[in-house]
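The lines below spell out each chain.
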2 protein chains.
Amino acid sequence: MAMPEKRYLLTPGPTPVPPQVLAAMAAPVEHHRGPDFKQLFGRCLARLREVFRTEGEVLVFTASGTGAMESAIANLCSPGDRVVVPSAGHFGERWAALAEAYGCEVSGLAYAWGETPAPDDLEARLRELGGATAVLLTQSETSTGVVCDVEALARVAKAAGALVVVDAVSSLAAVPLEVDGWGVDVAISGSQKALMTPPGLAFASVSNAAWAATERSTSPRYYFDWGRTRRAQQKPQSPFTPAVPIVAGLDVALGLLLEDGLESAFAHHARLGRACREGVKGMGLELFSPDEDRSAVVTAVKVPEGIDGRELVLEIRDRFGVTLAGGQGRLEGKIVRIGHIGWFDVFDIATALAALELALHGAGAEIERGVAVTRALDVYAGARV
Amino acid sequence: MAMPEKRYLLTPGPTPVPPQVLAAMAAPVEHHRGPDFKQLFGRCLARLREVFRTEGEVLVFTASGTGAMESAIANLCSPGDRVVVPSAGHFGERWAALAEAYGCEVSGLAYAWGETPAPDDLEARLRELGGATAVLLTQSETSTGVVCDVEALARVAKAAGALVVVDAVSSLAAVPLEVDGWGVDVAISGSQKALMTPPGLAFASVSNAAWAATERSTSPRYYFDWGRTRRAQQKPQSPFTPAVPIVAGLDVALGLLLEDGLESAFAHHARLGRACREGVKGMGLELFSPDEDRSAVVTAVKVPEGIDGRELVLEIRDRFGVTLAGGQGRLEGKIVRIGHIGWFDVFDIATALAALELALHGAGAEIERGVAVTRALDVYAGARV
């Protein structure tokens, strides 16, 4: 039997998990109503507030990020409520689908996939509509690599009296998000991205204005009911049996993250993004995601003409044990995405670039050999952001 | 620093997890859209069908059991639909609360906590009402230790044209449940009970009649939408990022369970229940749960007069590192519950009985010393069920 190959998970989620976090997950399960777990859970809740930069509550659900997104619709909106969804990719479209499932009147502000929603457009739309119950934003559109200007978009939405709801699933702790400072009413995230923990937990921060809105919402909810969750978290407990090992892992990961500090994490992600983009360009490939410092979550690369991106991703995985992400929805086969969030360093970028270079060369693409990895390492070393 | 105490988790959920399962959870996270995870997930789905004893689909959600219970209401019912809920404890009441949250007209068939719902009562109620959309059953009422006769109750409900929905969260793989054989339309379960896996995953089996009902339901749903989940599972994938490590653990646990066989698991649980009850009686304590073979999930014991059950549970945990469960809701302080589901043997029963005996003796209760453990071991050895 051959030695098992080494494996590299370089997608924008799930992301690589530090061994300390994995080890914490292998500990015998604690009872979720016992004093030890309460202590652990209470510490996680406090650390989450630090990461979200809020004095308000951060609610924890055993679910994927989509579950917490749905909780926002179910707790804030009633059938017929108007919501505005600036959408430029797969996850913006998910907001619209979720709101439609609950009978909201969705005013879509649709951009081509890969574009960046503009505050002026949102302002004009809200003026035209005479306001809205909520504006549903996607901070990092993981399907395209675009990170939008949440601060500016939130300002416009607030001025029009709308609640600001932000999908920060792949961006939290990778790029700045000031929940209280920017007036974000609800920010959604998940355990499996920059929080360096396996998937299984999702989060929602809730402002006072959002709590007031829950009183008006008539949508049915039970498992995702915010009031029930808040009452339990005051003990501090989860209303229903949570994914205990994932909580134990999250506690360790949040400790690692906050020991270094959020500013350090933001700077690190910006440098990784720049290194990745420069490496890609050095190879002679074209970027799909914008070439700007904010694009620090995932780098989307156009697949050269005549090559099928789906096959390329499979080839890279099968030959080198390296898992990159392909395109989603209408971008399937057309782009390759390199994630660089969470427990990630510049040698992971080098690995991704080297594997991409080898596979493209093997597929007969006209690319520059021997440049990308060195360029990435140099840019990372020299980058001041 | 003292040696850390040994810890014993002897509650009816979460339950002890075998070390092989914990080890699988500490492996690096697989990408949930990659070929390795698909293989693992497909195998889990096939094994779940074996455990549920159904040819139909078993849907998997990253959620607690309550999330999967809610999925049944959201996918089967519309506001105004009539449902009948035979209820004799905390989890029966949860069915009623869930159905009310979705605007159903709930016809409660309420028993005192600790009683066992009777098929004749259900038949009379359904006749009186002229039928119902669904009957919501609780196979093992974990709050009281009662296991009801699902086969007989399902027969009555089917005859009246109602869908049969069963909460089998704590009973699946501990006591017999024949989903196809008994005409159960929907059975709900979770990873953290007799399936020997940490909490984080919940399941719902769906019959053809239940699939037909989903077409009629107007309740909003997205994360828990069965159709979306089924379409993804055909690939086989999860529609949203699942709790990957818990799925990896579940795969190992289901392998262990099915290697021994379900019949062996049922017989083992019945013997454990009998051993526990005989030990409790040997100590001179009174059972709260029925003294019958079906009570194989959790044994509820009345706390002697003058002793506070809440303090007793804390004392047992603090002094001996043994976690038992107290009473829930209106039984808080009045009973102690010893769980015996999943990765459990007779020495765990002995540990629970010994700790209970020591703590009650310390609290000044009049109990028989030195009998319970021996009685339990003898009964287990001699039991033929």
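Residues numbered from 1 in each chain as written. Chains lettered and ligands numbered in written order. Predicted model: local features only at pLDDT ≥ 70, side-chain atom pairs only at ≥ 80, totals over all residues.

The subject of this paragraph is the pairing of strand E10 (residues 201–206) of chain A. Residue and element names in this part refer to chain A. The element E10 is largely enclosed, with a buried count of six among its six residues. The alternating pattern of E10 places Leu201, Phe203 and Ser205 on one face and Ala202, Ala204 and Val206 on the opposite face, and all of these are buried. Where strand E2 (residues 57–62) lies against E10, six bridges are found, and the strand directions are antiparallel. By the bridge assignment, Glu57 is partnered in E10 with Val206. (Buried ≥ 20, exposed ≤ 12 C-beta atoms within 10 Å, placed from the backbone. Helix = DSSP H or I, 4+ residues; strand = E, 2+ residues; numbered from the N terminus. Pairing = 2+ DSSP bridges.)

Our focus in this paragraph is the domain arrangement of chain A. All names here are of chain A. Assigned domains of chain A: these are domain 1 (8–14 + 261–382) and domain 2 (31–259). Put simply, the middle of domain 1 and the middle of domain 2, counted by C-alpha atoms, are 28 Å apart. Counting residues at the interface gives 26 residues for domain 1, matched by 27 residues for domain 2. For the side of domain 1 that touches domain 2, the secondary structure elements donating two or more residues are helix H10 (262–282) and strand E11 (298–302). The element contributing the most residues to the side of domain 1 that touches domain 2 is H10, with four residues. Residue composition of the side of domain 1 that touches domain 2, grouped by class: 14 nonpolar, nine polar and three charged. (Domains from an automatic or database assignment. Contact = placed C-beta atoms within 7 Å. Nonpolar A, V, L, I, M, F, W, Y, C, P; charged D, E, K, R; others polar.)

As a further point, take the interface of chain A and chain B. Interfaces are often described in size by the accessible area the parts lose on coming together. At the interface, 43 residues of chain A touch 43 residues of chain B. Elements that contribute at least two residues to the side of chain A that touches chain B include exactly helix H1 (19–25), helix H3 (65–76), helix H4 (90–101) and helix H9 (244–260) of chain A. Residues of the side of chain A that touches chain B, tallied by class, amount to 24 nonpolar, 15 polar and four charged.

To continue, consider helix H11 (residues 309–320) of chain B. In a regular helix each residue adds 1.5 Å, so 12 residues correspond to 16 Å; H11(B) covers 16 Å between its end C-alpha atoms and thus fits that length. Within two residues after H11(B), Gly321(B) carries a phi angle of roughly 70°, on the positive side. (Expected span 1.5 Å × (residues − 1).)

This paragraph deals with the pairing of strand E5 (residues 134–138) of chain B. Residue and element names in this part refer to chain B. Taking burial as the measure, the five residues of E5 include five buried ones, the bulk of the element. Taking every second residue as pointing to the same face, both faces of E5 are buried, with Ala134, Leu136 and Thr138 on one and Val135 and Leu137 on the other. Sheet topology note: the strand E3 (residues 82–87)/E5 ladder contains two bridges and is parallel. The residue bridging Val83 from the neighbouring strand is Ala134, located in E5. Two elements, E5 and strand E8 (residues 163–167), share five bridges in a ladder whose sense is parallel. Looking at E8, one finds that Thr138 is bridged to Asp167.

Now for unusual backbone geometry. Residues and elements named next belong to chain A. A cis amide bond links Lys235 with the next residue in sequence, Pro236, at an omega value of -10°. Looking at the element boundaries, Pro236 is found in the loop between helix H8 (226–233) and H9. If you check the backbone angles, Arg53 has positive phi at about 55° while not being a glycine. Secondary-structure assignment places Arg53 in the loop between helix H2 (35–52) and E2. At Met196, a residue that is not glycine, the phi angle is positive and equals roughly 60°.

Most often, soluble globular proteins keep nonpolar side chains buried together rather than apart. Residues Ala99(A), Val135(A), Ile188(A), Ala99(B), Val135(B) and Ile188(B) are the most contacted members of the largest nonpolar core, which totals 278 residues. What Val135(B) contacts, discounting residues up to four positions off in sequence, is Val84(B), Leu122(B), Ala157(B), Ala162(B), Val164(B) and Val165(B). (Core = buried A, V, L, I, M, F, W, Y, C linked by C-beta atoms within 7 Å.)

Attention now moves to the environment of Arg274(B). Residues and elements named next belong to chain B. Note that Arg274 resides in helix H10 (residues 262–282). What makes Arg274 buried here is the crowd of 23 C-beta atoms within 10 Å. A C-alpha to C-alpha distance of 6.6 Å links Arg274 and Asp293, two positions 19 residues apart in sequence.

Here we take up the relation of the copies chain A and chain B. Mapping chain A onto chain B is achieved by rotating through 180° and translating by 0.0 Å along the same axis, at an RMSD of 0.0 Å. What the rotation and shift describe, once combined, is the action of a two-fold rotation axis. Of the interface residues in chain A, 100% have counterparts in chain B that sit at the interface too, so the contact is made through matching surfaces. (Least-squares fit on C-alpha atoms with pLDDT ≥ 70 in both.)

Now for the sheet that holds strand E13 (residues 325–326) of chain A. All names here are of chain A. One open sheet accounts for three strands, arranged E11-E14-E13; its pairing is antiparallel. Whereas interior strands pair on both sides, the edge strands pair on one side only; in this sheet they are E11 and E13. Summarising the sheet, E13 and strand E14 (residues 335–339) pair through two bridges and their orientation is antiparallel. Across the sheet, Ala325 pairs through a bridge with Arg337, a residue of E14. Along the sheet face, H10 touches E11 and E14 and points at about 10° away from the line of E11. (Axes fitted to C-alpha atoms, helices over the stretch in contact; angles between N-to-C directions.)

Moving on, we come to the sheet that holds strand E10 (residues 201–206) of chain B. Sheet strands line up and pair through hydrogen bonds in the backbone, either parallel or antiparallel. Residues and elements named next belong to chain B. What the seven strands build is an open sheet, ordered E2-E10-E9-E8-E5-E3-E4; its pairing is mixed. Of all the strands in the sheet, just strand E2 (57–62) and strand E4 (105–110) have a single pairing partner and so form its edges. Taken pair by pair, the neighbouring strands of this sheet meet at an average axis angle of 20°, ignoring direction. In terms of strand pairing, E3 meets E4 through six bridges, oriented parallel. When the sheet's bridge partners are listed, Val83 is paired in E4 with Val106.

Next up on the list: the packing of H10(A) against helix H13 (residues 372–382) of chain A. Residue and element names in this part refer to chain A. Contact geometry for H10 and H13: axes closest at 8 Å, N-to-C directions at 150°. By the angle between their axes, H10 is roughly antiparallel relative to H13. In the crossing of H10 with H13, the sense of the turn from one axis to the other is right-handed. In this structure, H10 uses Arg271, Arg274, Ala275, Cys276, Glu278, Gly279, Val280 and Gly282 to contact H13, whose residues at the interface are Ala372, Val373, Arg375, Ala376, Val379 and Tyr380. For the contact of H10 with H13, a count of residues per class yields eight nonpolar, two polar and four charged. (Parallel < 35°, antiparallel > 145°, perpendicular 65-115°, else oblique. Left-handed = near helix turned anticlockwise from the far one by under 90°.)

So, about the environment of His340(B). All names here are of chain B. Turning to its location among the elements, His340 is positioned in the loop between strand E14 (335–339) and helix H12 (346–362). Between the alpha carbons of His340 and His269 there is a distance of 7.2 Å; along the sequence they are 71 residues apart. Discounting chain neighbours no more than four positions away, the residues touching His340 are His269, Leu272, Gly273, Cys276, Val298, Thr299 and Ile349.

Residue and element names in this part refer to chain A. With respect to the secondary-structure elements, Phe41 resides in helix H2. Separated by 267 residues in sequence, Phe41 and Asp308 have C-alpha atoms that sit 46 Å apart. Every residue in contact with Phe41, bar those within four places of it in the chain, is listed here: Pro236, Gln237, Ser238 and Val247.

Looking now at H4(A). Residues and elements named next belong to chain A. In this model, H4 (12 residues) spans 16 Å end to end at C-alpha, consistent with the 16 Å of a helix rising 1.5 Å per residue. Buried residues of H4: Phe91, Gly92, Glu93, Arg94, Trp95, Ala96, Leu98 and Ala99, and no others. Considering only its buried residues, H4 is in contact with H3, strand E3 (82–87), strand E4 (105–110), strand E5 (134–138), strand E6 (140–141) and strand E8 (163–167). Trailing H4 by a residue or two, Gly103 shows a phi angle of about 75°, which is positive.

A separate point is the packing of helix H2 (residues 35–52) of chain B against helix H9 (residues 244–260) of chain B. Residue and element names in this part refer to chain B. Remark: H2 packs on H9, axes separated minimally by 9 Å, with the N-to-C direction vectors making an angle of 45°. Classed by the angle they form, the pair H2 and H9 counts as oblique. The interaxial crossing formed by H2 with H9 has left-handed handedness. Here Phe37, Leu40, Phe41, Arg43, Cys44, Arg47, Glu50 and Val51 of H2 come into contact with H9, specifically with Val244, Val247, Ala248, Leu250, Asp251, Leu254, Leu257 and Leu258. Per-class residue counts for the contact of H2 with H9 are 12 nonpolar, no polar and four charged.

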